[in-house]
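Structure assessment
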Amino acid sequence: MSVSQLFEEAYTGLKSLVVGLGITGKAFCQPQVTVIYPKQEVDNLSSFRGHVELIGKDDDPSVPRCVACGACVKACPSNCLTIQCPVPVKEGDEGKPVVMGPAPQKGSKTPAVVIVDFSLCSLCGQCARACPVDSLQFSDNPYMVRLDRKEFQIDLLARLRRMAAE
Amino acid sequence: MTPDLMSFDHPLTRLVVGLLCVFAFVGLNGLVLVWVERKVAGHVQLRPGPLHVGPYGLLQPIVDAVKLIGKQLAMPAGADKYLYWAAPLLAFAPVTVCFLPLPFDPALAPMRLNTGLVLILAFSGLGVLSLILAGWGSNNKWGLLGAARSVAQSVAYEVPLLLSVMAVALTAGSLDLYEITTQQGAWPWQWYGVKNPLAFFIFLVCAVAETNRAPFDLPEAESELTAGFHTEYSGMGFGLFFLAEYASMIVVSGVAAALFLGGWQGPFLPGILWFLVKVYAILLLMIWMRWTYPRVRFDQLLNLSWKWLTPLALIDLVLVVIVAGFGG
Amino acid sequence: MQAFDPKTLAQDPTSVRFEPGPTEDKLILSMGPQHPSTHGVLRILLELDGEYIVRAEPVLGYVHRMHEWMGQEKTYFQFMPNMGRVDYLHAMAWNWAYAGSVERLAGIEVPERAEYIRVAVTELNRISSHLLWWGAYLLDLGAFTPIMYAFDDREFLLDILQAVTGSRLTYSYFTFGGVYNDVPEDFPKRCLDFVKLLRSRLPMYRDLVTDNVILRGRCEGIGEMDVELARRYGATGPVLRGSGAAVDTRRAEPYSVYPRFDFPIPSYPQGDAMARYMVRMDELETSCSIIEQAVSTMPGGPIAAKAPKTLKPPKGEACYAVEGARGKILVHVRSDGGPKPYRVKLRAPGFSNLSVFAELARGTLLADAVSILGSLDLVIPEIDR
């Protein structure tokens, strides 16, 4: 390698370093892109896919479309859904307190308890896909910070009633 | 009114007062520099940097320091107790001594030594000892690798650094930083950095390498050696290394300002301000470089020193000797 | 602290190939499972002579999550969300490989619109994977800023994908016979906008990083691998294309609607880290052009074929291979006629690519090993599965 080549290489190398400095220097003067979270919020939450929630009936939004068939419970890969209905009263047991059992139960067309355990959920949407009456959808609730694991047991019926009231 | 250090008659009084001032100066500037570094890094990366503690995040370094002080000092099993704890102290102490011969202002030169440059170079050379002790004493393989790297790096870069400094010292005919500063004028064309740009360039590159800053931060190369020599240090042990790095950055920038940029001299503004402006300009360049470049590899680092900087510095020195010889 | 005993080390099954180190004046160093540049929980046992690597041995299994077993224990539909977790950076390709193999097994026809959507989202995902690799690789080499620029661009992309799929990283968007839901109306426009934005940023990437003399010094001539070696280890994707073989599953074993698109297959003959780097940088442009073609010619129609709610494919087996960001992804499903697969085999490209590392790293410096490891673009969860 001749000396002139060597110096040419050194020159292109140094030039590339100066160009690099120029780019970061330009970025230094540009406005920042950070969204400072508690003070500002991002604007794409509407398409966010949070935990599942129930869809109300068209005529009465506080009552879910759910027919308590239990398809979603079976479809869930992580067993995070719980749907319970009153167990049909056997003969001779009338008057005793109502016992809840996993859906489906004979004679029950609406769920009594719908709970999703968000600490297990992986937001895959298999429950919504399996639902025969389209009663499940993703909420756009990204704020899932809780102090206790138990608080991730979300009562979907209560949530639906609250949403309908608003 | 600026305090006039020269008014203390006895040199010992001057030394003690100077040292105290230096400690305060190092601590304060270290904190400011941490803030500047993080702010520059943030803006370069299109994010705001420290923001929430104090106005513009100005109090962030203080909070960090408090956190570091409050942390437990852990020592790994099998570490050499004395070497392990001596290392951070040894990293910090020599750097503070280096501030003594720095002329901040005609009235603010803590100690005028006719061998001030030699003192600075000698004590900044001591810094590498602390890295060896830290790497060896902490009984950690990453630390050991980092220590080995730091020795080779420091040996390689001290040579061109000395040669480039020598070129300036020859021109000025003195090793006293005060004297060298006064030989330059207030205007850029009177500065040695403009008269002898090659020496200035070599000095800058070597200064970055001497202070273990990116792209030459090999002893602590985070992605290779986890954290190199200070892998095992926690709390203020790490804090002292951190502070020492910033202090030595200020020292080399101060030396560069005094040697090449005319020190405190400049039009209109008071001397101390000019000095600080020049020092911070060099510091900003170093920070800017850190957030731009990838890290060089070890053999490339040594190649750069032995194959480029050392020969160039020698040529520069010879040229300076010739010019000085003819110029009389 | 346990005293260092070479004998017990030799008996350690994870380091069985390592003879006692200290007697040979060698340093045995465990790089990982917690190390900044092993990208997760890969562990590499290094035998060092000074800083030179005498032997390197990857130790796997720290994030082994038994995905293949889960495939046998879950129904066909239930295993789908796992695919987003195998390789979290290119989830769409894994989605596609699994959906494709089950479709082949069950004989489900995919509507044309769904194929176009699949192509578009997979290529978008490939860009996001490459951008993240780019940033992380430079982080390995000690440059802290490029990853922030890459994430800035990636943010636009994730917004597009979020609008389509609802999630930002572990997508579970494909379903047997198509895709889960239709793309929003402004999807083509946003894609084209993004392509324009990325193209305007690529020169900046080149100036800041690719042309940088320090980066070239760290990449050129490092980890050189010829085609023979790459083929022997079964390396695919950019690692193979960086050794000069222009092999791409999208061309070599055409699937879906890829034959309709016109795109080059970048390959570089040098076989070093820089060649692999350049292949990925060129693939950003390739993916851009495929996205442009896909969204501008996207037909109307249904987005998914009718698949039964419980899938019971007939007895038999099927494979489906797609080109992921890291190489050839292959899913092999065997059915015994029941609601669950009899066996699911996942072929992860990263596993083959990593196995070359032991050979490449021999005789290099520690810093080079980091550079080589980064240039292979490893995703550890995919390797361990």
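Fair warning: this is a prediction, and the values are worked out from it, not measured in the lab. (Residues numbered from 1 in each chain as written. Chains lettered and ligands numbered in written order. Predicted model: local features only at pLDDT ≥ 70, side-chain atom pairs only at ≥ 80, totals over all residues. Heavy atoms only, no water.)

The secondary structure content of chain B amounts to 12 helices and 0 strands. Walking chain B from its N terminus toward its C terminus, one meets helices and strands in the order α-α-α-α-α-α-α-α-α-α-α-α. The C-alpha radius of gyration computed for chain B amounts to 20 Å, which stays within 12% of the reference 20 Å derived for 328 residues, consistent with globular compactness. Once the C-alpha set of chain B is aligned to its principal axes, its extents read approximately 60 × 50 × 45 Å. Put simply, chain B has 328 residues, and 56% of those count as buried. (Helix = DSSP H or I, 4+ residues; strand = E, 2+ residues; numbered from the N terminus. Rg over C-alpha atoms; globule rule 2.2 N^0.38 Å. Buried < 20%, exposed > 50% of the residue type's maximum accessible area, 1.4 Å probe, protein only.)

This next bit is on the packing of aromatic side chains. Residues and elements named next belong to chain B. Enumeration over the complete set of coordinates arrives at 30 aromatic pairs over all chains. With centroids separated by 4.3 Å and ring planes inclined at 5°, the aromatic side chains of Tyr-84 and Tyr-233 adopt a geometry described as stacked. In this pair, Tyr-84 sits in helix H3 (residues 81-98) while Tyr-233 sits in the loop between helix H9 (222-225) and helix H10 (235-260), placing the two residues 149 residues apart along the sequence. Exposure class is identical for Tyr-84 and Tyr-233. Each is buried. (Phe/Tyr/Trp six-rings, centres within 6.5 Å; stacked < 30°, edge-to-face > 60°.)

A few words on the interface of chain B and chain A. Interfaces are frequently sized by the accessible area removed from exposure as the parts join. The partner chain A presents 19 residues to the 15 residues of chain B that form the contact. Counting the surface lost from both chain B and chain A, the interface buries some 1,500 Å², and carbon and sulfur atoms represent 75% of this. Area buried by chain B at its contact with chain A is led by B:Leu46, B:Tyr293 and B:Trp308, which between them contribute 37% of it. Applying the counting criterion to the chain B and chain A interface returns 0 salt bridges. (Contact = heavy atoms within 4.5 Å. Buried area = accessible area lost by both parts, 1.4 Å probe. Salt bridge = Lys/Arg side-chain N within 4 Å of Asp/Glu carboxyl O.)

The subject of this paragraph is helix H5 (residues 141-172) of chain B. Residue and element names in this part refer to chain B. When the terminal C-alpha atoms of H5 are compared, their 46 Å separation across 32 residues agrees well with the 46 Å that a helix rising 1.5 Å per residue should span. Sitting at the amino-terminal end of H5 is Asn-140, which places a side-chain oxygen 2.7 Å from the backbone nitrogen of Trp-142. Gly-173 lies just past H5 and shows a positive phi near 75°. (Expected span 1.5 Å × (residues − 1). Polar contact = N/O pair within 3.5 Å; in protein donor to acceptor, adjacent residues only side chain to side chain.)

This part is about unusual backbone geometry. The phi dihedral of A:Ala68 falls on the positive side, at around 55°, and the residue is not glycine. As for its position among the elements, A:Ala68 is in the loop between strand S1 (52-54) and helix H2 (71-75). For C:Arg385, which is not glycine, the phi dihedral falls at a positive 55°. Looking at the secondary structure, you find C:Arg385 in the segment after helix H16 (380-384).

This next bit is on the sheet that holds strand S4 (residues 113-117) of chain A. Residues and elements named next belong to chain A. If you trace the 4 strands from one edge of the open sheet to the other, you get S3-S2-S4-S6, paired in antiparallel fashion. Each having just a single partner strand, strand S3 (100-102) and strand S6 (153-155) make up the two edges of the open sheet. Put simply, the sheet's adjacent strands are angled 30° from each other on average, direction ignored. Here 4 bridges tie strand S2 (residues 81-86) to S4, and the two strands are oriented antiparallel to one another. Counted as the bridge partner of Leu-81 is Val-116 from S4. Across the sheet, helix H4 (residues 156-165) touches S4 and S6, and the angle it forms with S6 is around 45°. (Pairing = 2+ DSSP bridges. Axes fitted to C-alpha atoms, helices over the stretch in contact; angles between N-to-C directions.)

This part covers the sheet that holds strand S2 (residues 43-49) of chain C. Strand order in the open sheet formed by 3 strands is S1-S2-S3 (chain C), and the pairing between neighbours is antiparallel. Looking along the sheet, the strands with just one partner apiece sit at the ends: strand S1 (27-31) and strand S3 (52-59) of chain C. Averaged over all neighbouring strand pairs, the angle between strand axes comes to 20°, with direction disregarded. Across 5 bridges, the pairing between S1(C) and S2(C) is antiparallel. Directly across from C:Leu27, in S2(C), lies its bridge partner C:Leu48. Along the sheet, H5(B) contacts S1 and S2 of chain C; its crossing angle with S1(C), the most-contacted strand, is approximately 110°. On top of the sheet, helix H15 (residues 366-375) of chain C reaches S1, S2 and S3 of chain C; it is set at about 30° to S1(C), its chief contact.

Attention shifts here to the interface of chain B and chain C. With 26 residues of chain B in contact, the opposing surface of chain C contributes 34 residues. Counting each side, the surface lost to burial between chain B and chain C is near 2,700 Å², with a carbon and sulfur contribution of 64%. For the pair chain B and chain C, the number of links is 2 salt bridges. Where chain B touches chain C, the interface holds 9 residue pairs in polar contact (both at pLDDT 80 or more). Listed by contribution, the elements that provide at least two residues to the side of chain B that touches chain C are H5, H9 and helix H12 (298-327) of chain B. Among the residues forming the side of chain B that touches chain C, the class breakdown is 11 nonpolar, 6 polar and 9 charged. (Nonpolar A, V, L, I, M, F, W, Y, C, P; charged D, E, K, R; others polar.)

Next up on the list: the pattern of salt bridges. Residue and element names in this part refer to chain C. This structure, assessed with the given rule, holds 38 salt bridges over all chains. Here Arg-343 ties to Glu-68 by a salt bridge, and the two come within 3.2 Å at their closest N and O atoms. Of the two residues, Arg-343 sits in strand S8 (residues 341-347) while Glu-68 sits in helix H2 (residues 67-73), which places them 275 residues apart along the sequence. On the basis of relative accessible area, Arg-343 is assigned to the partly exposed category, the value being 33%. When the shortest N-O distance is used, the salt bridge between Arg-232 and Glu-359 registers 3.2 Å. Taken together, the residues Arg-232 in helix H9 (residues 227-232) and Glu-359 in helix H14 (residues 357-361) connect sequence positions 127 residues apart. Look at the salt bridges and you will find they share partners, linking Glu-123, Arg-126, Arg-241, Asp-248, Arg-250, Glu-283 and Glu-323 into a network.

This part takes up the UniProt feature "transmembrane region" (unreviewed entry) in chain B. Residue and element names in this part refer to chain B. Residues given the UniProt feature "transmembrane region" (unreviewed entry) here are residues 12-36, 82-104, 116-137, 157-178, 198-216, 236-261, 268-288 and 308-327. Within the segment residues 12-36, helix and strand shares are 100% and 0% respectively, and the terminal C-alpha atoms sit 35 Å apart. The distance separating the terminal C-alpha atoms of residues 82-104 is 36 Å; by composition the span is 74% helix and 0% strand. (UniProt positions renumbered as here; feature names shortened; annotations may be inferred.)

With that settled, consider empty space enclosed by the protein. All names here are of chain A. Using the criterion set out here, one finds 4 cavities of 30 Å³ or more in the structure. In this model, the largest cavity occupies a volume close to 90 Å³. Around the largest cavity sit 15 residues that line it, and Cys-76, Cys-80, Cys-121, Cys-124 and Cys-127 are the ones nearest its centre. For the lining of the largest cavity, the class distribution of residues is 11 nonpolar, 4 polar and no charged. The volume enclosed by the second largest cavity comes to roughly 60 Å³. Looking at the second largest cavity, the residues that line it are Cys-66, Val-67, Ala-68, Cys-69, Gly-70, Ala-71, Cys-72, Ile-83, Cys-131, Pro-132, Val-133 and Ser-135. Split by residue class, the lining of the second largest cavity holds 10 nonpolar, 2 polar and no charged. (1 Å grid on protein atoms, 1.4 Å probe; cavity = no way out; pocket = protein on both sides within 12 Å on 5 of 7 lines; lining within 4 Å. Points joined across faces, edges and corners; volume = space filled by probe spheres on them.)

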